[in-house]
Amino acid sequence: KSSKLELQKKMKLMLNEIPQHYPKQQYFKELLRVLVEKRMINESSRTSNVNGRSNTYKVFALSPQGANLRFSKDPIVLPVPDCIREADEKEKATREETIAKLKQSGLNVPQDEMAKGGGPAIQAMKKWVDYVQFQHDSNRHERVSQLESLVKILEDWRSSTAFMNLTA
């Protein structure tokens, strides 16, 4: 009984460690399929009759081979589920698209955040670019002009401050 509770706690911790962009339900379905294929979990079907209706469902149970692995210190190596590969590819494409959009807007994306694929500066820049684009799409051209003037003022201040600090 206590080992079952420990296993449930471990599973909850593992679930919290899965990145947000992963499809958790699909991940567990694919993981379960692999565990059945590797004979670590047994799969069977059961049928129940309630009020004259028949319902068939799958039942999964730890196999003897899977039970032996509970006490092993060796890692269990399984293939990466397809849904995880697809989610990673989609996330990577989104990051690359965001960085390309920022560069196209003339913003200098910090190299360290570009290497990581994100960070607070990239998030702020993306919000800025999206906001300016929204103003443009809403035909608020005067507001867009004001925002562009603000960027020019900030860039001029930054350049002059850098020059003054360099010569001081």
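Residues numbered from 1 in each chain as written. Predicted model: local features only at pLDDT ≥ 70, side-chain atom pairs only at ≥ 80, totals over all residues. Heavy atoms only, no water.

Caption draft 1: How the structure looks around the pattern of salt bridges. Taken as a whole and assessed by the stated rule, the structure comprises six salt bridges. Across the salt bridge formed by Lys-101 and Asp-130, the nearest N and O atoms sit 2.6 Å from each other. In this pair, Lys-101 is assigned in helix 4 (residues 82-104) and Asp-130 in helix 6 (residues 120-137), connecting sequence segments 29 residues apart. Assessed through its relative accessible area of 35%, Lys-101 is described here as partly exposed. Salt-bridge contacts for Asp-156 lead to Lys-152; the nearest nitrogen and oxygen are separated by 3.0 Å. Pair noted here: Asp-156 and Lys-152 are both in helix 7 (residues 141-167), with a separation of four residues, about one helical turn. (Salt bridge = Lys/Arg side-chain N within 4 Å of Asp/Glu carboxyl O. Helix = DSSP H or I, 4+ residues; strand = E, 2+ residues; numbered from the N terminus. Buried < 20%, exposed > 50% of the residue type's maximum accessible area, 1.4 Å probe, protein only.)

Caption draft 2: Representation of the packing of helix 2 (residues 24-37) against helix 4 in the model. Taken N-terminus to C-terminus, the directions of helix 2 and helix 4 make an angle of 145 degrees; their axes are 8 Å apart at the nearest point. Contacts between helix 2 and helix 4 involve Gln-26, Tyr-27 and Glu-30 from the first element and Asp-82, Cys-83 and Ile-84 from the second. (Axes fitted to C-alpha atoms, helices over the stretch in contact; angles between N-to-C directions. Contact = heavy atoms within 4.5 Å.)

Caption draft 3: Quick look at the layout of surface pockets. Of the pockets and cavities examined, the largest pocket occupies roughly 1,300 Å³. Around the largest pocket sit 31 residues that line it, and Leu-7, Met-11, Met-14, Leu-35 and Ile-76 are the ones nearest its centre. Secondary structure elements with two or more residues in the lining of the largest pocket: helix 1 (2-17), helix 2, strand 2 (53-62) and helix 3 (64-69). If one sorts the elements of the lining of the largest pocket by residue count, helix 1 sits on top with seven residues. (1 Å grid on protein atoms, 1.4 Å probe; cavity = no way out; pocket = protein on both sides within 12 Å on 5 of 7 lines; lining within 4 Å. Points joined across faces, edges and corners; volume = space filled by probe spheres on them.)

Caption draft 4: Examining the pairing of strand 2 more closely. One ladder, built from 10 bridges, connects strand 1 (residues 41-50) with strand 2; its direction is antiparallel. What sits directly across from Ser-45, in strand 2, is Lys-58. In sequence, strand 1 turns back onto strand 2 through a hairpin of two residues, with Asn-51 there showing a positive phi of about 50 degrees. (Pairing = 2+ DSSP bridges.)

Caption draft 5: Focus on the packing of helix 4 against helix 6. Two numbers describe how helix 4 lies on helix 6: the axes approach to 10 Å, and their chain directions differ by 65 degrees. Viewed along their axes, helix 4 and helix 6 form a crossing whose handedness is left-handed. Residues Thr-98, Ile-99, Lys-101 and Leu-102 of helix 4 form the contact with helix 6, whose own contacting residues are Ile-122, Met-125, Lys-126, Val-129 and Asp-130. Looking at the contact of helix 4 with helix 6 residue by residue, the class counts come to five nonpolar, one polar and three charged. (Left-handed = near helix turned anticlockwise from the far one by under 90°. Nonpolar A, V, L, I, M, F, W, Y, C, P; charged D, E, K, R; others polar.)

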